[in-house]
Every structure is written in C-alpha cells, then in structure tokens.
Amino acid sequence: KAGVTQTPRYLIKTRGQQVTLSCSPISGHRSVSWYQQTPGQGLQFLFEYFSETQRNKGNFPGRFSGRQFSNSRSEMNVSTLELGDSALYLCASSSQGAPTEAFFGQGTRLTVV
Amino acid sequence: DAKTTQPPSMDCAEGRAANLPCNHSTISGNEYVYWYRQIHSQGPQYIIHGLKNNETNEMASLIITEDRKSSTLILPHATLRDTAVYYCIASPINSNYQLIWGAGTKLIIKP
C-alpha cells in the first residue's frame with residue numbers, strides 16, 4: 001500500500017509570495033491533517049479535513065488555508081509569505097482521524113527568503 | 001489536552017533496553033497516552049498508546065503508573081535505527097488530530 005505522498009519535497013519562495021503544498025493520503029483514508037514544524041515551536045497543528053470538510057483548526061493566521069478534494073487529496077496554501085513561515089510542513093492521513101492510525105508523509109521543507 | 005514533560009535527551013547502548021519516561025500529572029480520565037517518534041528528516045511515526053493498563057506491541061511496551069501521572073516507553077532491544085526524537089502526548093482518543101506536541105526526548109543509541 002502506497003504511503004502518504006507530499007509534494008514538493010523542497011521549496012524556496014520569496015517573502016510576499018504565496019505557496020501551495022499538496023498531500024495525497026493513503027488510499028481509502030478520508031482524514032488529512034496538516035502540521036507545521038519549526039525548531040523553535042516544534043510540531044503545531046494547522047487544520048484537519050475529513051470528507052472535504054474542515055473539522056478542526058489550530059491557532060494560525062488566516063494566511064494559512066487548506067482544502068480537500070473528493071478523492072481525499074488535500075492542499076495547503078500560505079499567502080503573503082513571511083520569513084517565519086519557513087518550516088517543515090507535514091501532513092498525516094487516517095481513515096477516521098484517530099491519532100492511533102496516523103500515517104505521516106515525509107513533509108515539504110519550505111524556505112522563505 | 002494535558003501537558004507532558006520529557007527529558008530533552010537520553011543515551012542508550014545498542015542491544016540494551018531504552019526506557020523513556022514521561023510525566024503527565026494533569027492527565028484527565030478520558031485522555032490516552034500516545035507515543036510517536038520522528039527519525040531525522042521523516043514524518044512522525046505512531047508507536048503505541050494506552051489508557052490505564054500496560055500495553056505491548058511489536059515495537060515497544062508502555063508502562064503507565066497506577067495514578068496515571070507518568071508513563072515509560074520501553075524499547076526492549078534498541079538498535080541504531082531507533083535513534084530519533086520520541087514524543088509523549090496525552091489526548092482524548094477522538095481528538096481529531098488536534099494533538100499537542102511537546103519538545104520530545106532525543107534518544108541516541110550508541111554502538
């Protein structure tokens with residue numbers, strides 16, 4: 001069974017630009033969650049989607065948004081990039097959203113210059 | 001979600017048991033203890049979880065104290081591939097992934 005696929009793996013953007021990251025969950029999984037990981041703040045929850053609906057959202061500004069498609073693939077968008085948005089962005093998939101069945105992708109390393 | 005406290009780093013000799021402690025003194029009755037690990041440059045990996053009883057699976061054992069205020073993750077025969085950051089999280093099982101991650105313990109397995 002293929003794992004969680006995140007694309008691209010690495011990205012360099014300039015301040016003020018926007019970026020879209022993609023996550024393809026494991027086949028059959030309907031829940032996709034996104035996390036931001038930085039050395040200073042660690043792993044922080046961004047949002048979770050289940051069957052195309054956002055079920056939970058963390059404490060991030062409105063510049064961070066996401067969506068999920070009918071095939072469960074999810075995208076995350078960050079607009080007006082800031083230097084502090086440089087991070088590893090991880091997505092996790094599961095069938096129902098329970099923490100015990102989480103499978104994480106390898107992440108997208110975003111660098112904002 | 002209850003806050004957890006873990007030592008920032010630990011060493012263990014290859015082949016020995018690695019015992020990783022976690023304090024969660026404010027854990028509530030409906031919160032489980034989860035353990036994940038993150039090997040360098042990879043996403044976190046679920047290891048094990050428990051509520052009250054000790055648990056064992058093919059990766060590790062989880063020992064939870066009777067008062068549930070602390071727990072220990074045991075890797076019975078550590079290998080170099082077990083070098084990773086280990087996270088202990090206390091959260092309701094239906095939290096829909098709003099897990100609160102601490103800084104974890106950096107476990108280094110030495111040959």
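Below you will find a few notes about this structure. The structure displayed is predicted, hence computed values, not measured ones.

## Observations regarding the overall build of chain B
Within chain B one finds zero helices and nine strands. Listed by position from the N terminus, the elements making up chain B come as β-β-β-β-β-β-β-β-β. A globule of 111 residues ought to have a C-alpha radius of gyration of about 13 Å, and chain B, at 13 Å, matches this closely. Taken along the three principal axes of its C-alpha coordinates, chain B extends 40 × 30 × 25 Å. Put simply, chain B has 111 residues, and 43% of those count as buried. Of the contacts made within chain B by residues no fewer than 6 positions apart, 58% connect residues no fewer than 24 positions apart.

## Describing the sheet that holds strand E2 (residues 18–23) of chain B
Strand order in the open sheet formed by four strands is E2-E7-E6-E5 (chain B), and the pairing between neighbours is antiparallel. Two strands close off the open sheet at either side, each with one partner strand: E2 and strand E5 (55–56) of chain B.

## Structural notes on the packing of aromatic side chains
Considering all chains together, one arrives at 11 aromatic pairs over all chains under this definition. Pairing tyrosine 35 of chain A with phenylalanine 45 of chain A gives two aromatic rings, centres 5.7 Å apart and planes at 70°, and the pair type is edge-to-face. Taken together, the residues span a long stretch of sequence, with tyrosine 35 of chain A in strand E4 (residues 31–38) and phenylalanine 45 of chain A in strand E5 (residues 42–50) at a distance of 10 residues. The class for tyrosine 35 of chain A is buried, based on a relative accessible area of 0%. In this structure an aromatic cluster arises from ring pairing among Tyr35, Phe45 and Phe104 of chain A together with Tyr36, Tyr46, Tyr87 and Trp101 of chain B. In this structure, arginine 55 of chain A is placed above the aromatic ring of phenylalanine 50 of chain A, and the distance from its NZ or CZ to the ring centre is 4.2 Å.

## Looking at the sheet that holds strand E3 (residues 19–24) of chain A
Paired through backbone hydrogen bonds, the strands of a sheet run either parallel or antiparallel to each other. Residue and element names in this part refer to chain A. A sheet is described by the order of its strands in space; here four strands give the open sequence E1-E3-E8-E7, paired in antiparallel fashion. Because the sheet does not close on itself, it has two edges, and the strands there are strand E1 (5–7) and strand E7 (64–68). Pairs of neighbouring strands in the sheet enclose a mean axial angle of 15°, with direction left out of account. Pairing analysis gives five bridges linking E7 to strand E8 (residues 74–78), with the strands arranged antiparallel. Note on E8: the bridge partner recorded for glutamine 68 is serine 74.

## Observations regarding the interface of chain B and chain A
Contacts between the two partners involve 17 residues from chain B, matched on the other side by 26 residues from chain A. Carbon and sulfur atoms make up 53% of the area that chain B and chain A hide from each other, which totals about 1700 Å². Where chain B touches chain A, the interface holds zero salt bridges. Those elements that provide at least two residues to the side of chain B that touches chain A are strand E3 (31–38) and strand E4 (45–50) of chain B. Ranked by residues supplied to the side of chain B that touches chain A, first place goes to E3 of chain B with three residues. A per-class count over the side of chain B that touches chain A returns nine nonpolar, eight polar and no charged.

## Description of the pairing of strand E11 (residues 108–112) of chain A
All names here are of chain A. Here E11 shows a buried face lined by Thr108, Leu110 and Val112 and an unburied face lined by Arg109 and Thr111. Sheet topology places strand E2 (residues 10–13) next to E11; four bridges connect them, and they run parallel. The partner of leucine 11 across the bridge, within E11, is leucine 110. As defined by bridge partners, strand E9 (residues 87–94) adjoins E11 across three bridges and the pair is classed as antiparallel. Of the residues in E11, the one forming a bridge with alanine 87 is leucine 110.

Calculation criteria
- Residues numbered from 1 in each chain as written.
- Chains lettered and ligands numbered in written order.
- Predicted model: local features only at pLDDT ≥ 70, side-chain atom pairs only at ≥ 80, totals over all residues.
- Heavy atoms only, no water.
- Helix = DSSP H or I, 4+ residues; strand = E, 2+ residues; numbered from the N terminus.
- Rg over C-alpha atoms; globule rule 2.2 N^0.38 Å.
- Buried < 20%, exposed > 50% of the residue type's maximum accessible area, 1.4 Å probe, protein only.
- Contact = heavy atoms within 4.5 Å.
- Pairing = 2+ DSSP bridges.
- Phe/Tyr/Trp six-rings, centres within 6.5 Å; stacked < 30°, edge-to-face > 60°.
- Lys NZ or Arg CZ within 6 Å of the ring centre and 35° of its normal.
- Axes fitted to C-alpha atoms, helices over the stretch in contact; angles between N-to-C directions.
- Buried area = accessible area lost by both parts, 1.4 Å probe.
- Salt bridge = Lys/Arg side-chain N within 4 Å of Asp/Glu carboxyl O.
- Nonpolar A, V, L, I, M, F, W, Y, C, P; charged D, E, K, R; others polar.

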